[in-house]
Amino acid sequence: MRRYWIPAFFSSELPHPDCPPIRVGLLGEQLVAFRDSEGRVGLVDEFCAHRGASLFFGRNEECGLRCVYHGWKYDVEGHCIDMPSEPPESNFKHKIRLTAYPCRERGGLVWTYMGPPERMPGLPELEWAIVPEGHRYISKRIQDCNYLQAMEGGIDSSHVSFLHRGDVRVFSARLTRDTAPRFEVHRTAYGLLIGARREWDAETYYWRITQWLMPWYTMIPRFEERPIGGHAWVPIDDEHCWAWSIHWHPDRPLTDAERDDFVGQRRDIHPELIPGTFRPVANKDNDYLIDRELQRSGRSFTGIKSIGIQDQAVQESQGPRFDRTKEHLGTSDTAIINARKRLLEAVEAVAAGQDPPGLDPATHRVRSAGLFLPKTVPFDEGAGDGLLARSPAYELITA
Amino acid sequence: MRRYWIPAFFSSELPHPDCPPIRVGLLGEQLVAFRDSEGRVGLVDEFCAHRGASLFFGRNEECGLRCVYHGWKYDVEGHCIDMPSEPPESNFKHKIRLTAYPCRERGGLVWTYMGPPERMPGLPELEWAIVPEGHRYISKRIQDCNYLQAMEGGIDSSHVSFLHRGDVRVFSARLTRDTAPRFEVHRTAYGLLIGARREWDAETYYWRITQWLMPWYTMIPRFEERPIGGHAWVPIDDEHCWAWSIHWHPDRPLTDAERDDFVGQRRDIHPELIPGTFRPVANKDNDYLIDRELQRSGRSFTGIKSIGIQDQAVQESQGPRFDRTKEHLGTSDTAIINARKRLLEAVEAVAAGQDPPGLDPATHRVRSAGLFLPKTVPFDEGAGDGLLARSPAYELITA
Amino acid sequence: MRRYWIPAFFSSELPHPDCPPIRVGLLGEQLVAFRDSEGRVGLVDEFCAHRGASLFFGRNEECGLRCVYHGWKYDVEGHCIDMPSEPPESNFKHKIRLTAYPCRERGGLVWTYMGPPERMPGLPELEWAIVPEGHRYISKRIQDCNYLQAMEGGIDSSHVSFLHRGDVRVFSARLTRDTAPRFEVHRTAYGLLIGARREWDAETYYWRITQWLMPWYTMIPRFEERPIGGHAWVPIDDEHCWAWSIHWHPDRPLTDAERDDFVGQRRDIHPELIPGTFRPVANKDNDYLIDRELQRSGRSFTGIKSIGIQDQAVQESQGPRFDRTKEHLGTSDTAIINARKRLLEAVEAVAAGQDPPGLDPATHRVRSAGLFLPKTVPFDEGAGDGLLARSPAYELITA
């Protein structure tokens, strides 16, 4: 995972130069992020190299973050640039450097790279990160389980027919007429291309086509010309992850009605959060506010409101780190089985000194689809250019 | 313990067919219980065999509990009876079965048996479980300690002279004139018959006689013709147990005044619970709402209100699993010493392929007593038929 | 640590004979303290020797603390003096004794000694403990970290120039003109005499002189004729400590204005506590109520209100037990390095059967100082008798 750029936090969490620092948990590390006087973003070890006080309490001033305990000050690259508690002749500060990870901003997010500097790939070119700000809506929540459990939900077309029944209203017939999709999975440069087909009529399949971009990006099959949904599932540690939820329209700004839908009653994949936190109001301590009458009525399969919380409920209910010796996988789990295989292969490749798949930003220019195809037509052929991300905004990227 | 029927939960926790399922913790296992469309009760592994989502969030419908993640459905015996996410030809569902335990209803409770099916004994014939509903009042609370600590309080006649002084008002003279009871303990088919005698006058002992029915049933010595009190102490796991508290009258319905006593200020052994939970309002996080002034006044020995919470306070204060190398047992602990001995022997018997004691329901037809006897009369002889449960309701049981 | 008298709790926590007992955590032990009918203070194992019920719920009456479970009663020395649940002939009570530690009262505190009785030293003669009650103000708070992290803050003159900038207003110029103090550390009978000098002008140093009295007493360098501040940092267990904060005036009662300062807005080193607890209102769960605007304004270096909470914030932020392999010590840490050395030597001395330093009460009669000295004058010589505690109250001590 250290070989990939990581969506770390919203740019807006550090709204202006010298604003207060924030704590950031990523890949099991405790970090602190700050935006310096010149607007540069730093992401460094949370704890001062001197005696370990948290830099979260630090003063962000004059191009550096200063520990409040003894005034040691660090720049965005982790260099100790001031050590006023030591006499000048000690020349001690030049020996001190915090762990620091490079940061870039794109698509409203700060991205970081925690791997070996000489192997840093290009910044991801996922379509949602490239489109203009007005075309995009992103939310983030903490999920109390391993990232893999969460990510597996994102490539599991099968659960949509059940877990989200009643909530994915617009295309429900497409999902309920046949609830046992067959999967075709192709290995690609970025990860997997996954086609899940359902019987529609004698001549036709309904295909839900999605890509898994290594190591944690998933997309929801698009419904006609509507905004596309997607996720990034990023490990905080082995038992917690960031669940990023994204909607974007490749060609036009989101409408007010679309935005209202993400923050109002329905919310789709976007959570209602406890103010000042990224923890959902409906969470495991309150059984996700399950409404048994609503569940019983059939208007919602779960009685839990909003798609994102439905996912969170079942994924967290597997436990913080699900013991997979207890699972019984079927044909509906074909995509999951393939993704695990790719991840294990990638680990082996890295251990052998090679690059894992999915590093080349050009391969990120893909897009999900949902469409009816004659049974005789292979899904990738039928989808054709529909699987290519072609937002005009790509022209804005400067190499 | 798996060789005995276990009082698992109230029948009323599953009030009608297809009502919402409940979580049940027993003997270290996480289970979920539901009542199917035909009124049958199922008690199965909480987690779906597919990918481990909790069936607590499941849909209880059409004679089965359906997982909301992918729609797998289980009957009360744990058989997977529907698997709509898989194509019919996979025939996968016939290979899937959840751990499931048989359930029976008696005395307002659901009982389960978690042992080897071929050794299932008859359903317990404890008098409180047999009498008509109107004769009985039962409550339940969670206690944050090992079941054995709790159970030992139930066979420890000695503590009543202290812990409950001021609260067991009606017969206080019988308990305070002599505070150092001598114990006589007889081994019986069901467990132990325990006589604790106190000096009353030159010729007379006051005897408190109770039975311990293996592995967790205790009774409070009866006071004249009043309702009898009792408990069942059932392990949730090594550090938590269900404390069931029971009052029943063998021969007549409980009066309104008696019932009021269990739910009002005094409450006797019955706790006031935090609504929606089985956790008492007075608990270890608030020092059981101890009232030091009340304690000081002498009207209550502890300053803690209600007998059940007094027991909970001292038993939990021993810690979640008391280190028994630190205890100093005296003659007042004779019953406890004997009970531990029987438990260890029972463990050895089961390990050797034999049956533990107390399985035969006919042996459960016993009843506690409290009575004055001449010093020359052995307590079991003096009590005679008073120790036999003879509720007319026994006639209602059909073999 | 068991070889030293320990400040255990306020005398006022046991305000009168036979008042309710309190729980006391010290050196990893769970204890209960009570004041008996004669006013004597007992400090004994929290758990009854019989079956381990907590004596916190006990009845404090007639010269002993009585367990509410079976009435066993203990005197202040831990002897079981009544065992009413046992017949008199068993003579069992004479074999039972709880762990008990001797207690003395001085300076508004109860002190205890947890070491070998034959090696008990004289009661400490710290000046703050000797002066009349009106000359003294003491507070206490729980800190969620190892005592050593906390104590190291107390001998670290360097951090005052940063952490407390804006709050130690009266002498700020003395602390900010030179922020890199040089340390001179002398080994003494009581622990360490620490001089930290700052450049003032071409001929003059500003010296902050303080003593570390083993194993946990520190003092704040005095400012002119004002009250002196100090601390005792006492381990509850490896991850929690009592932070005692003290102000005293050697020669006169504290004025109302001075007292107001300790309980009002500013508070100095004294915390605002959650009522009924020793936990500060500003604590790690609320990021010490850091006010980022106040921090940004420069009026406070941290944005955290009151000196004591500033210390608590950085010390707890190091973690409950800081991994010292991660620290980078400089010349500003000279006092800390020396203190650790003395502690390790003391451990070795005790292991070799010798006495650790600092046991002789006569050596406790020292006092901190802050003063300007010509550069040519050694600090201990320049301070002279100013480092001796000479409160007239010493005459009141009777050997």
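For the structure, check the block above.
These notes cover the structure that comes with them. Here the structure is a predicted model, which is why all the values come from computation and not from measurement. (Residues numbered from 1 in each chain as written. Chains lettered and ligands numbered in written order. Predicted model: local features only at pLDDT ≥ 70, side-chain atom pairs only at ≥ 80, totals over all residues. Heavy atoms only, no water.)

Right, let's get into the overall build of chain A. A tally of helices and strands in chain A yields 8 helices and 19 strands. Oriented by its inertia axes, the alpha-carbon framework of chain A measures out at about 85 × 45 × 45 Å. For chain A, the residues scored as buried account for 61% of the 399 residues in total. Put simply, of all contacts in chain A between residues at least 6 apart along the chain, 58% involve residues at least 24 apart. Summing over all exposed atoms, chain A offers an accessible surface of approximately 15500 Å²; the carbon and sulfur share of this is 52%. Side-chain charges of chain A comprise 49 positive and 57 negative groups, with the mean position of each set lying 2 Å from the other. (Helix = DSSP H or I, 4+ residues; strand = E, 2+ residues; numbered from the N terminus. Buried < 20%, exposed > 50% of the residue type's maximum accessible area, 1.4 Å probe, protein only. Contact = heavy atoms within 4.5 Å. Areas by Shrake-Rupley, 256 points an atom, 1.4 Å probe, with all protein chains shown as cover. Lys, Arg positive; Asp, Glu negative; His and termini not counted. Charge placed at Lys NZ, Arg CZ, Asp CG, Glu CD.)

Since the α-helix turns once every 3.6 residues, residues separated by three or four places project in the same direction. Residues and elements named next belong to chain A. Counting buried positions along helix 6 (residues 307-317) yields 11 of 11 residues, so the element is predominantly enclosed. Among all positions in helix 6, only Ile-307, Gly-308, Ile-309, Gln-310, Asp-311, Gln-312, Ala-313, Val-314, Gln-315, Glu-316 and Ser-317 are buried. Tucked into the core, helix 6 has its buried residues touching strand 12 (136-143), helix 2 (147-154) and strand 17 (228-237). Gly-319 sits one or two positions beyond helix 6 and adopts a positive phi of about 100 degrees.

Our focus in this paragraph is the relation of the copies chain A and chain B. Relative to chain B, chain A is turned by 120 degrees and slid 0.1 Å along the rotation axis, the superposed coordinates differing by an RMSD of 0.0 Å. In symmetry terms, the pair is related by a three-fold rotation axis. Using C-alpha coordinates, one finds that chain A approaches the rotation axis most closely at Asp285(A), a distance of 11 Å. (Least-squares fit on C-alpha atoms with pLDDT ≥ 70 in both.)

This next bit is on the packing of aromatic side chains. Per the counting criterion, the structure on display carries 46 aromatic pairs over all chains. Between Phe162(A) and Phe301(A), the aromatic rings sit 6.2 Å apart at their centres with planes inclined by 55 degrees, giving tilted as the arrangement. Residue Phe162(A) is located in the loop between helix 2 and helix 3 (172-176), and its partner Phe301(A) is located in the loop between helix 5 (292-297) and helix 6; the two are separated by 139 residues in the primary sequence. Through a chain of ring-to-ring contacts, three or more aromatic side chains come together here, namely Trp111(A), Trp128(A), Trp216(A) and Tyr217(A). When the ring centre of Trp200(C) is taken as reference, the NZ or CZ atom of Arg177(C) above it lies at 3.7 Å. (Phe/Tyr/Trp six-rings, centres within 6.5 Å; stacked < 30°, edge-to-face > 60°. Lys NZ or Arg CZ within 6 Å of the ring centre and 35° of its normal.)

Residues and elements named next belong to chain C. As for its position among the elements, Val-366 is in the loop between helix 7 (334-351) and strand 18 (369-374). Along the sequence, Val-366 and Leu-126 sit 240 residues apart, while their C-alpha atoms lie 7.4 Å from each other. If we ignore the near neighbours within four places in the chain, the residues touching Val-366 are Tyr-190, Gln-211, Leu-213, Met-219, Leu-387, Leu-388 and Ala-389.

Moving on to the pairing of strand 12 (residues 136-143) of chain B. All names here are of chain B. Judged by how many residues are buried, strand 12 sits mostly within the fold: 7 of 8 residues are covered. With 8 bridges joining them, strand 12 and strand 18 (residues 240-248) adopt antiparallel strand pairing. Bridging across to strand 18, Ser-139 finds its partner in Ser-245. (Pairing = 2+ DSSP bridges.)

So, about the packing of helix 2 (residues 147-154) of chain B against helix 7 (residues 334-351) of chain B. All names here are of chain B. Their axes nearest at 10 Å, the elements helix 2 and helix 7 cross at an angle of 135 degrees. If you check the angle between helix 2 and helix 7, you find them oblique. The interaxial crossing formed by helix 2 with helix 7 has right-handed handedness. Listed contacts from helix 7 to Tyr-147, Leu-148, Met-151 and Glu-152 of helix 2 are Ile-336, Arg-340 and Leu-343. Taken together, the residues of the contact of helix 2 with helix 7 break down into 5 nonpolar, no polar and 2 charged. (Axes fitted to C-alpha atoms, helices over the stretch in contact; angles between N-to-C directions. Parallel < 35°, antiparallel > 145°, perpendicular 65-115°, else oblique. Left-handed = near helix turned anticlockwise from the far one by under 90°. Nonpolar A, V, L, I, M, F, W, Y, C, P; charged D, E, K, R; others polar.)

Each side of the interface is counted separately: chain A has 31 residues, and chain C has 37 residues. Both sides of the chain A and chain C interface together cover about 2600 Å² of buried area, and 53% of this is carbon and sulfur. Sorting the residues of chain A by area buried against chain C places Arg51(A), Phe57(A) and Tyr69(A) first, and these three jointly supply 30% of that buried surface. Summed over the shared surface of chain A and chain C, the number is 4 salt bridges. Here Arg182(C) and Glu89(A) are joined by a salt bridge, their closest N and O atoms 2.9 Å apart. (Buried area = accessible area lost by both parts, 1.4 Å probe. Salt bridge = Lys/Arg side-chain N within 4 Å of Asp/Glu carboxyl O.)

Looking now at unusual backbone geometry. With an omega of 0 degrees, the peptide bond between Met214(A) and Pro215(A) qualifies as cis. Note that Pro215(A) resides in the loop between strand 15 (204-213) and strand 16 (217-220). The phi dihedral of Asp18(A) is positive, around 60 degrees, even though this residue is not glycine. Inspection of the secondary structure puts Asp18(A) in the loop between strand 1 (5-10) and strand 2 (22-26). Phi angles above zero are rare outside glycine, and Asp268(C) is one such case at about 55 degrees. Within the secondary structure layout, Asp268(C) lies in the loop between helix 4 (256-263) and helix 5 (292-297). Taking relative accessible area as the criterion, Asp268(C) reaches 14% and is therefore assigned buried.

What follows concerns the sheet that holds strand 10 (residues 109-113) of chain C. All names here are of chain C. The strand order across the open sheet built from 3 strands is 1-10-9, with neighbouring strands paired in antiparallel fashion. Taken across any chain shown, the strands that pair with only one partner, and hence form the sheet edges, are strand 1 (5-10) and strand 9 (103-106). Strand after strand, the sheet turns through a mean of 35 degrees between neighbouring axes, direction not considered. The pairing of strand 1 with strand 10 spans 5 bridges and is antiparallel.

With that settled, consider the pattern of salt bridges. Following the criterion strictly, the structure yields 93 salt bridges over all chains and no others. The partner of Arg59(C) in a salt bridge is Glu61(C), and the shortest N-O contact between them spans 3.0 Å. Glu61(C) carries the same exposure label as Arg59(C), and that label is buried. Connected through salt bridges with shared partners, the residues Arg59(A), Glu61(A), Arg66(A) and Asp82(A) form a single ionic network.

Our focus in this paragraph is the side chain of Thr179(A). Within the fold, Thr179(A) resides in the loop between helix 3 and strand 13 (182-187). Overall, Thr179(A) belongs to the buried group, its relative accessible area being 16%. A polar contact is formed between the side chain of Thr179(A) and the backbone oxygen of Pro84(B), at a distance of 2.7 Å. Once you skip the residues sitting within four places of it in the chain, Thr179(A) turns out to touch Ser161(A), Phe162(A), Arg165(A), Pro84(B) and Ser85(B). (Polar contact = N/O pair within 3.5 Å; in protein donor to acceptor, adjacent residues only side chain to side chain.)

Turning to the sheet that holds strand 2 (residues 22-26) of chain B, a few remarks are in order. Pairing in this open sheet of 4 strands is antiparallel, and the strands run 2-3-4-9 (chain B) from one edge to the other. Because the sheet does not close on itself, it has two edges, and the strands there are strand 2 and strand 9 (100-101) of chain B.

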